[in-house]
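Below, each chain spelled out in residue letters.
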Amino acid sequence: MKVSVDLDLCEANGICVGIAPDVFELDDEDQLHILTADVAEDRLGDVEDAVAQCPKAALKLQ
């Protein structure tokens with residue numbers, strides 16, 4: 001599975017970073033970066049949680 005972010009929707013709340021810091025990162029300008037687009041099976045649960053908890057629905061998992 002792959003995770004992506006719609007930067008037009010993202011408000012850089014950082015919830016995803018708190019859940020999966022090895023997958024998501026906020027830079028010094030509060031822009032979200034996906035460190036690993038291909039989600040490993042053992043990380044899928046946390047990434048699913050991050051997607052579900054994104055307050056702006058900016059994250060997608062496909």
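Because the structure is a prediction, the values reported are computed rather than measured. (Residues numbered from 1 in each chain as written. Predicted model: local features only at pLDDT ≥ 70, side-chain atom pairs only at ≥ 80, totals over all residues. Heavy atoms only, no water.)

Quick word on the overall build of the protein
- Scanning the protein from terminus to terminus reveals two helices and four strands.
- Over its C-alpha trace the protein gives a radius of gyration of 10 Å, about what one expects of a compact globule, namely 11 Å for 62 residues.
- Seen through its C-alpha atoms, the protein measures out along the principal axes to roughly 30 × 20 × 15 Å.
- Counting all 62 residues of the protein, 24% fall into the buried class.
- The contacts in the protein between residues at least 6 apart in sequence include a share of 56% that link residues at least 24 apart.
- Carbon and sulfur atoms form 45% of the exposed surface of the protein, whose accessible area is close to 4,000 Å².
- Looking at the protein, you have 4 positive and 15 negative side-chain charges, and the mean spots of the two groups are 7 Å apart. (Helix = DSSP H or I, 4+ residues; strand = E, 2+ residues; numbered from the N terminus. Rg over C-alpha atoms; globule rule 2.2 N^0.38 Å. Buried < 20%, exposed > 50% of the residue type's maximum accessible area, 1.4 Å probe, protein only. Contact = heavy atoms within 4.5 Å. Areas by Shrake-Rupley, 256 points an atom, 1.4 Å probe, with all protein chains shown as cover. Lys, Arg positive; Asp, Glu negative; His and termini not counted. Charge placed at Lys NZ, Arg CZ, Asp CG, Glu CD.)

Considering the nonpolar core
- The biggest cluster of nonpolar side chains holds 13 residues, and the ones touching the most others in it are Val 3, Cys 16, Val 23, Phe 24, Val 47 and Leu 59.
- With three residues, the top contributor of residues to this core is helix H2 (residues 44–53).
- Apart from residues lying up to four places away in sequence, Val 47 is in contact with Val 3, Val 23, Phe 24, Val 39 and Leu 61. (Core = buried A, V, L, I, M, F, W, Y, C linked by side-chain atoms within 4.5 Å.)

Quick notes on the side chain of Arg 43
- Position of Arg 43 among the secondary structure elements: in the loop between strand E3 (32–34) and H2.
- Within polar-contact distance, the side chain of Arg 43 engages the side chain of Asp 46 at 2.5 Å.
- In this view, Arg 43 contacts Ile 19, Ala 20 and Asp 22; residues no more than four positions away in its chain are not counted. (Polar contact = N/O pair within 3.5 Å; in protein donor to acceptor, adjacent residues only side chain to side chain.)

Some words on the environment of Asp 49
- Here Asp 49 lies in helix H2.
- Residue Asp 49 is classed as partly exposed on the basis of its relative accessible area, which comes to 38%.

A closer look at the pattern of salt bridges
- Applying the stated criterion across every chain yields a total of four salt bridges.
- Close ionic contact of Lys 56 with Glu 11 constitutes a salt bridge, the shortest N to O distance being 3.8 Å. Pair noted here: Lys 56 is in the loop between H2 and strand E4 (59–61) and Glu 11 is in the loop between strand E1 (3–5) and helix H1 (15–19), with a separation of 45 residues, a long-range link.
- Given a relative accessible area of 37%, Lys 56 falls into the partly exposed group.
- A salt bridge links Asp 46 to Arg 43, with the shortest nitrogen-to-oxygen separation between them at 2.5 Å.
- In this structure, a network of salt bridges that share partners links the residues Asp 22, Arg 43 and Asp 46. (Salt bridge = Lys/Arg side-chain N within 4 Å of Asp/Glu carboxyl O.)

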